[in-house]
Amino acid sequence: MKTTLQTEITVEDICKGFVYNEYEGRGLFGLSGKLTIQPEFQRNYIYADGKRDVAVIDSLLRGYPLGLIYFNKVNDSHFEVLDGQQRITSFGRFVTNKFAILDENGMHQYFDGLAKDKQEKILNTKLLIYECEGTESQIKEWFKTINIVGIPLNNQELLNAVYSGPFVTLAKEEFSNSLNANVQKWSAYIRGSANRQDFLERALEWVSKGNVGTYMSKHRYDDNINELKNYFNTVIDWVSSVFDDVEREMCGLEWGRMYETYRKNPYDPQKVSQQLRALYADPYVKNRRGVFEYILGGSKDTNLLDIRVFDDATKRIVYNKQTSTAQEQGVSNCSFCAIGHDANKTRVWSLKDMDADHVAAWSKGGATDISNCQMLCKTHNRAKGNR
Ligand SMILES: [Zn+2]
């Protein structure tokens, strides 16, 4: 790959013909039309938080370096931004009066309202730009290894870069567009944001059963995303039809895996809702995120709920009581050992070799208090738990 350092291109040059798409959150073109600011393998613009945008302008006004910018030279009259898209979009938007900064008097100032010398300072700033020439795979391999200034590319953004093509373009239109009316519904079940590719990542993970790279490679040149979209919508529809309730703890669960595991079981949403309410109201259930799979699995695997355990003081009181009674009778302090026929029949276990057990199981309404606590040797406690 060949690289050439350019030091004479100014902010003003780049801002000539700057086009920003407010709806898609993308800086599109600059440098009098010769520069594509957001090629399809780039991530969406994510600086627009009011802080980093302003920090870029502040750096320009103070004469601080903006860092290296990389262009991919497609041909003599066409470049794409490889790295620097966020910074370029920030100053492009400022120069075209899309946002204001606070001046030293605490007043909002748009570019047009700045003193002439400040305007010129920004426009005349020379940028350090590397023009890179190479094959598509060289450029992409390189792109994969650089660390983008400020916010590193996340895994899905890298995959989008590596497998860029019509499939990624269509997939991003559907899943990476924060104005898609479905985003709100998806957000109940999927953690993250559209512009950081979190919905796209989940959709791909679900349809590919975790083999995202393979799937993207196979479908790279597809002209549709029907399978991806249908599968994703099927999972979301399944979750929202089984669970009428939308709880905070549902967000970010492994819905794709649960759909594959439980989709063949019938559920009565009304009954599910009652179970859910009861478990949410149960003070012994420590892990609410496990409630959903617990219900889907037929209310059997209490490990998912992380039922509140007996505290140390309770265990010690029960242990002491059990042990003194057992010693009077000359039997083991584990009631299961005591009724057995092996050498452990008379064995007195130390506290650290025993575990607390719910006499009446929690799932049968047994409470986690001292009246429902017994100490068993570890072997018998484990055996009871597995029944
Ligand atoms: Zn025992």
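Residues numbered from 1 in each chain as written. Predicted model: local features only at pLDDT ≥ 70, side-chain atom pairs only at ≥ 80, totals over all residues.

Student: What's the story with the overall build of the chain in this structure? I'm lost.
Tutor: A tally of regular secondary structure across the chain gives 17 helices and eleven strands. For 387 residues, the compact-globule formula gives about 21 Å, and the C-alpha radius of gyration of the chain, at 31 Å, lies well above that figure. Each of the three principal axes of the chain carries a C-alpha extent, and together these read 95 × 50 × 40 Å. In the chain, which comprises 387 residues, the share counted as buried stands at 30%. (Helix = DSSP H or I, 4+ residues; strand = E, 2+ residues; numbered from the N terminus. Rg over C-alpha atoms; globule rule 2.2 N^0.38 Å. Buried ≥ 20, exposed ≤ 12 C-beta atoms within 10 Å, placed from the backbone.)

Student: How should unusual backbone geometry be read in this particular structure?
Tutor: What is expected of a backbone is that most residues other than glycine have negative phi and most peptide bonds are trans. Not every positive phi belongs to a glycine, and Lys209 is a case in point at roughly 55°. As for its placement among the helices and strands, Lys209 is situated in the loop between helix H9 (198-207) and helix H10 (212-219). Located in the positive-phi region is Asp306, a residue other than glycine, with phi close to 50°. Here Asp306 lies in the loop between helix H14 (291-296) and helix H15 (312-329). Given 14 C-beta atoms within 10 Å, Asp306 falls into the partly exposed group.

Student: Honestly, the environment of Asn226 in this entry has me stumped. Any pointers?
Tutor: Mapped onto the elements of the fold, Asn226 is located in helix H11 (residues 226-242). Along the sequence, Asn226 and Ala171 sit 55 residues apart, while their C-alpha atoms lie 9.7 Å from each other.

Student: Is there a simple way to explain the pairing of strand S1 (residues 2-6) in this structure?
Tutor: Within a regular beta strand, the side chains point alternately toward one face of the sheet and then the other, so they alternate between its two faces. Burial analysis of S1 places just zero of its five residues in the buried class, a small minority of the element. Note that S1 and strand S9 (residues 129-133) share five bridges and pair antiparallel. Note on S9: the bridge partner recorded for Lys2 is Glu133. (Pairing = 2+ DSSP bridges.)

Student: Which parts of the structure should I look at to understand the packing of H9 against H10?
Tutor: Helix-helix packing is characterised by the crossing angle of the two axes and by the distance between the axes. Contact pair H9 / H10: the axes reach a minimum separation of 9 Å and the direction vectors enclose 90°. If you check the angle between H9 and H10, you find them roughly perpendicular. Contacts from Leu204, Glu205 and Val207 of H9 reach H10 at Val212, Tyr215 and Met216. Of the residues that constitute the contact of H9 with H10, the class distribution is five nonpolar, no polar and one charged. (Axes fitted to C-alpha atoms, helices over the stretch in contact; angles between N-to-C directions. Parallel < 35°, antiparallel > 145°, perpendicular 65-115°, else oblique. Contact = placed C-beta atoms within 7 Å. Nonpolar A, V, L, I, M, F, W, Y, C, P; charged D, E, K, R; others polar.)

Student: For this particular structure, what's the right way to read helix H3 (residues 85-95)?
Tutor: Owing to its 3.6 residues per turn, the α-helix brings residues three or four apart onto one side. Within H3, eleven of the eleven residues are buried, leaving the element largely enclosed by the surrounding structure. By the burial criterion, the buried members of H3 are Gln85, Gln86, Arg87, Ile88, Thr89, Ser90, Phe91, Gly92, Arg93, Phe94 and Val95. Looking at the residues trailing H3, positive phi occurs at Asn97, about 60°.

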